[in-house]
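Architecture at a glance
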Amino acid sequence: MLGFLLQQVPEIPLEGWVESFVDFITSETFEGFFDALEGFLNLLVDVLEAGLTFLPPLVMVAVFAGLAWLVSNWRIALLTAAGLLLLQGLRLWEDAMLTLALVIAATAVALVVGIPLGIVAAKSRGVETVLRPVLDFMQTMPAFVYLVPAIVLLGLGAAPALVAVVIFAMPPAVRLTMLGLQQVSKETVEAASAFGATGWQTLRKVELPLAMPTIMAGVNQVIMLSLSMVVIAALIGAGGLGEEVYQGLSQLDVGKSFKGGLGIVIIAILLDRITRNIRGGGAQKAGSGIKTA
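Fair warning: this is a prediction, and the values are worked out from it, not measured in the lab. (Residues numbered from 1 in each chain as written. Predicted model: local features only at pLDDT ≥ 70, side-chain atom pairs only at ≥ 80, totals over all residues. Heavy atoms only, no water.)

Per the secondary structure count, the protein chain includes 15 helices and 0 strands. Seen through its principal axes, the protein chain has C-alpha atoms that stretch 65 × 60 × 45 Å. Counting only residues that meet the buried cut, the protein chain has 39% of its 293 residues in that class. Once local pairs closer than 6 in sequence are excluded, the contacts in the protein chain between residues at least 24 apart make up 78%. Each charge class in the protein chain can be summarised by its mean position, and for the 16 positive and 21 negative side chains these summaries are 21 Å apart. (Helix = DSSP H or I, 4+ residues; strand = E, 2+ residues; numbered from the N terminus. Buried < 20%, exposed > 50% of the residue type's maximum accessible area, 1.4 Å probe, protein only. Contact = heavy atoms within 4.5 Å. Lys, Arg positive; Asp, Glu negative; His and termini not counted. Charge placed at Lys NZ, Arg CZ, Asp CG, Glu CD.)

Written out as structure tokens, the structure reads:
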């Protein structure tokens, strides 16, 4: 009886619906848009890669170490220099810089889109209600699934990889921005209003500085997810360290795969330590913001 009832459930032609939608957006109507998007994304990655490889590796090691010292501390600067020198010793510098360019580009796009969405969602219950299931969908969908529509729309290379990485990595930026702003005490916001601050001044001088530790945790998560997805994106021609791992896997070359994997680990550790140790001061800035609002 149960089997008979199950057979009466109509089949949902989801696959056909999706294919029809893909056929629609890949028609000549949107061809110009996707061509322009592909060109822009490829240009963005190419410019970043050119900037990272313009100077000799040893000079770039000094530059990166100096930046790490500036935003963090001397221990992180030494760790950065040691890690980058190890990459050069492994002869992975070019691949590492391409991977880093993809991560920077994807992180920048994800944050430019995600942080404003998080701010709007924190201020609007309706927007939050709509965004939550969308973010759940983006985070739980298997990463490989994002590669298929990206290839269909943008072909192979850095552009589709960047789109897939942004979709996969953006949810933490939205969620943690929203969470950080919602955790700011109402008394603090009311105090800012009592001093005559406008809504924009309260957001900029009080709420965002107080929420900055949580927002930076979101930035850290976006970077880590971007790096993990960039490795997978080597399957569609993104290149970089993921390509080293993929070639080793296809050739059953354990040494090659391990070398590429070690390079990815080094990049991940450096990015994680730098973003975790960026000097704060959000609460202090917020306090001065209330006084000057």
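What follows picks up the thread again.
Turning our eyes to something else, we now look at the layout of surface pockets. Taken as a whole, the largest pocket holds about 690 Å³ of empty space. Taken together, 23 residues make up the lining of the largest pocket; nearest its centre are Val18, Val22, Val145, Pro149 and Ala150. Broken down by secondary-structure element, the contributors of at least two residues to the lining of the largest pocket are helix H2 (14-25), helix H3 (28-53), helix H8 (143-154) and helix H9 (158-169). Split by residue class, the lining of the largest pocket holds 20 nonpolar, no polar and 3 charged. Estimated volume of the second largest pocket: approximately 500 Å³. Around the second largest pocket sit 20 residues that line it, and Phe64, Leu100, Ile104, Leu271 and Ile274 are the ones nearest its centre. Those elements that place two or more of their residues in the lining of the second largest pocket are helix H4 (57-71), helix H5 (74-89), helix H6 (93-123), helix H12 (199-232) and helix H14 (254-276). (1 Å grid on protein atoms, 1.4 Å probe; cavity = no way out; pocket = protein on both sides within 12 Å on 5 of 7 lines; lining within 4 Å. Points joined across faces, edges and corners; volume = space filled by probe spheres on them. Nonpolar A, V, L, I, M, F, W, Y, C, P; charged D, E, K, R; others polar.)

So, about the confidence of the model for the protein chain. The share of residues in the protein chain with pLDDT of 70 or more is 91%, and the mean pLDDT across the chain is 83. Predicted confidence in the protein chain is weakest over helix H15 (residues 282-292), with a mean pLDDT of 46, and strongest over helix H10 (residues 171-182), with 92. (pLDDT = per-residue confidence, 0-100.)

In this description, an aromatic ring pair is defined by two values, namely the gap between the centres and the angle between the planes. This model, assessed by the stated rule, comprises 1 aromatic pair. For the ring pair Tyr146 and Phe168, a centre distance of 6.5 Å and an interplane angle of 65 degrees mean the geometry is edge-to-face. Placement of the pair is Tyr146 in helix H8 and Phe168 in helix H9, with a sequence separation of 22 residues. Summarising the burial analysis for this pair, Tyr146 and Phe168 share the class buried. (Phe/Tyr/Trp six-rings, centres within 6.5 Å; stacked < 30°, edge-to-face > 60°.)

In contact at an axis separation of 9 Å, H3 and H6 are set at 130 degrees when each is read in the N-to-C sense. The angle between H3 and H6 falls in the class oblique. As H3 runs across H6, the sense of the crossing is right-handed. Contact with H3, carried on its side by Leu44, Val45, Leu48, Glu49, Leu52 and Thr53, involves Trp93, Glu94, Met97, Leu98, Leu100, Ala101, Leu102, Ile104, Ala105 and Val109 of H6 and no other residues of that element. Of the residues in the contact of H3 with H6, the class split is 13 nonpolar, 1 polar and 2 charged. (Axes fitted to C-alpha atoms, helices over the stretch in contact; angles between N-to-C directions. Parallel < 35°, antiparallel > 145°, perpendicular 65-115°, else oblique. Left-handed = near helix turned anticlockwise from the far one by under 90°.)

Here the focus is unusual backbone geometry. Notably, Arg91 is not glycine yet its phi reads approximately 60 degrees, a positive angle. The residue Arg91 is located in the loop between H5 and H6 in this model. You can call Arg91 exposed: its relative accessible area is 62%. A positive phi angle is found at Leu252, which is not glycine, with a value near 55 degrees. For Leu252, the position within the fold is in the loop between helix H13 (241-250) and H14. Judged by relative accessible area, Leu252 falls into the exposed class, the value being 73%.

Among the secondary structure elements, Leu43 is positioned in helix H3. Given the relative accessible area of 52%, Leu43 is considered exposed. Linking Leu43 and Ala158, residues 115 residues apart in sequence, is a C-alpha distance of 9.4 Å.

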